[in-house]
Amino acid sequence: MTGAPSAQTPRAGLAERQAELVAALVAGGPPPPGFAPGPLAATRAAVLRKRAGDVARHWPLLAAGLGANWSTTFADWAARRPTAGSLRDGWDLARALHAQHRLPPAAAEELAVREARLRYDGLRAPRPRRAPAVGRAGGAVAVQIAGRVRLLRPAARGSGPAGDAVPDAAGSELWISD
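Residues numbered from 1 in each chain as written. Predicted model: local features only at pLDDT ≥ 70, side-chain atom pairs only at ≥ 80, totals over all residues. Heavy atoms only, no water.

## A few points about the pairing of strand E5 (residues 148-153)
Filter applied, for reference: Here, any two strands with at least 2 DSSP bridges between them count as paired. Per the convention used, a helix needs a DSSP run of H or I reaching at least four residues, while a strand needs a run of E reaching at least two, with both numbered from the N terminus.
As judged from the five bridges shared by strand E4 (residues 140-145) and E5, these two strands associate in the antiparallel manner. In the sheet register, Ala142 faces E5, and the bridge partner there is Leu151. What sits between E4 and E5 in their antiparallel hairpin is a turn of two residues, with Ala146 showing a positive phi close to 55°.

## A word on the packing of aromatic side chains
Short version of the rule: Between rings of Phe, Tyr and Trp, where Trp is taken as its six-membered ring, a pair exists when centres lie within 6.5 Å; planes separated by under 30 degrees are stacked, by over 60 edge-to-face, and by other angles tilted. Residue burial is assigned from relative accessible area. The probe radius is 1.4 Å, only protein chains are included, and a residue is buried under 20% of its type maximum, exposed over 50%, and partly exposed in between. A positively charged side chain is recorded as over a ring if its NZ (Lys) or CZ (Arg) lies within 6 Å of the ring centre. The angle to the ring normal must also be within 35 degrees.
Here the structure, examined in full by the defined rule, presents four aromatic pairs. Summarising the aromatic geometry, the rings of Trp91 and Tyr120 are spaced 4.9 Å apart at their centres and angled 45° between planes, so their arrangement reads as tilted. Highlighted residues: Trp91 in helix H5 (residues 86-99) and Tyr120 in the loop between strand E1 (118-119) and strand E2 (127-128), separated in sequence by 29 residues. Using a relative accessible area of 0% as the deciding quantity, one classes Trp91 as buried. Within the aromatic cluster, the residues linked to one another by ring pairs are Trp59, Trp91 and Tyr120. For Arg114, the ring lying beneath its charged end belongs to Trp59, and the centroid distance is 4.3 Å.

## Notes on the side chain of Glu110
Put simply, the rule reads: The contact criterion used throughout is that any non-hydrogen atoms of two residues lie within 4.5 Å.
Along the chain, the position of Glu110 falls in helix H6 (residues 105-117). Those residues in contact with Glu110, other than ones at most four positions away along the chain, are His58, Trp59, Pro60, Leu61 and Leu62.

## Let's talk about the packing of helix H2 (residues 37-58) against H5
Using the following cut-off: Every axis in this analysis is a line fitted to C-alpha atoms, fitted for helices over the stretch in contact. Angles between the N-to-C directions lie between 0 and 180 degrees. Geometric relationships in this document are graded by angle, where less than 35 degrees denotes roughly parallel, more than 145 denotes roughly antiparallel, 65 to 115 denotes roughly perpendicular, and other angles denote oblique. Put simply, Ala, Val, Leu, Ile, Met, Phe, Trp, Tyr, Cys and Pro go in the nonpolar bin, Asp, Glu, Lys and Arg in the charged bin, and everything else, Gly too, in the polar bin.
Between H2 and H5, the least distance of the axes is 8 Å, while the angle of their chain directions is 85°. On the basis of their axis angle, the class for H2 and H5 is roughly perpendicular. Listed contacts from H5 to Arg51, Asp54, Val55 and His58 of H2 are Ser86, Leu87, Asp89 and Gly90. Within the contact of H2 with H5, the residues separate by chemical class into two nonpolar, three polar and three charged.

## Considerations on H2
Put simply, the test is: Given the number of residues in a helix, its expected span is that number minus one, multiplied by 1.5 Å. The arc in question is the one spanned by the directions pointing from the helix axis to the C-beta atoms.
When the terminal C-alpha atoms of H2 are compared, their 32 Å separation across 22 residues agrees well with the 32 Å that a helix rising 1.5 Å per residue should span. Turning to H2, its buried residues are Leu40, Leu48, Arg51, Ala52, Val55 and Ala56. The buried residues of H2 occupy an angular sector of 150° when projected down its axis, which confines them to one face. Seen from the open side of H2, the exposed residues pointing more than 90 degrees away from its buried face are Pro39, Arg49, Lys50 and Arg57.

## Digging into the nonpolar core
As a reminder, the rule being used: In these notes, a set of buried Ala, Val, Leu, Ile, Met, Phe, Trp, Tyr and Cys residues joined through side-chain atoms within 4.5 Å is what counts as a nonpolar core.
Counting 31 residues, the largest nonpolar core has Leu62, Trp70, Phe74 and Leu103 as its most contacted members. The element best represented in this core is H6, accounting for six residues. Ignoring anything within four residues of it in the chain, the contact list for Leu62 reads Trp70, Gly90, Leu93, Ala94, Leu97, Leu103, Ala107 and Glu110.

## What to know about unusual backbone geometry
Unlike most non-glycine residues, His101 shows phi in positive territory, near 60°. For His101, the location among the structural elements is in the loop between H5 and H6. In the Ramachandran plot, Ala146 falls in the positive-phi region, its phi being about 55° despite a non-glycine side chain. Position of Ala146 relative to the elements: it lies in the loop between E4 and E5.

## Quick word on the side chain of Ser86
Its place among the elements puts Ser86 in helix H5. Overall, Ser86 belongs to the buried group, its relative accessible area being 18%.

## Regarding the environment of Asp76
Within the secondary structure layout, Asp76 lies in helix H4 (residues 70-78). For Asp76, a relative accessible area of 60% puts it in the exposed group. Counting along the chain gives 28 residues from Asp76 to Leu48, while the straight-line C-alpha distance between them is 9.4 Å.

What follows is the structure, encoded as structure tokens:
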């Protein structure tokens, strides 16, 4: 078939409108034309609550360490970020809180263990480390050798800006094995 390209097909227009709606719901985009702001905001809040729950399953010490502030902290952080998956969202949030010196001690230990066990550059999916590695966060230090991770130095357990610290279940030593 020859000739000039035709105008946008109805399917292409639908795809663009769907992309605008998804951006409004998960990436803080503006409301697309024709959508009522109230229901759209309620749906966005529901999506953020679902994401927060999924992230809390992958990062239980992070969620527990933030306590009652978990949902608000996560929603504020995630409101303008499309999801990269629950594991990565939690990792990125933990790194952001660490950079702001707001990471609870138990979450610092959780982050240090993850950093020692897996390689994550913030762009690609985490991959297991093969060589010995050290993970550090908020005063916590974890070492991975031969697939085993040991927390060598726990994070300080005093009260911080996030409230009372939540101790981890293993005390001062946390073992993870493959």
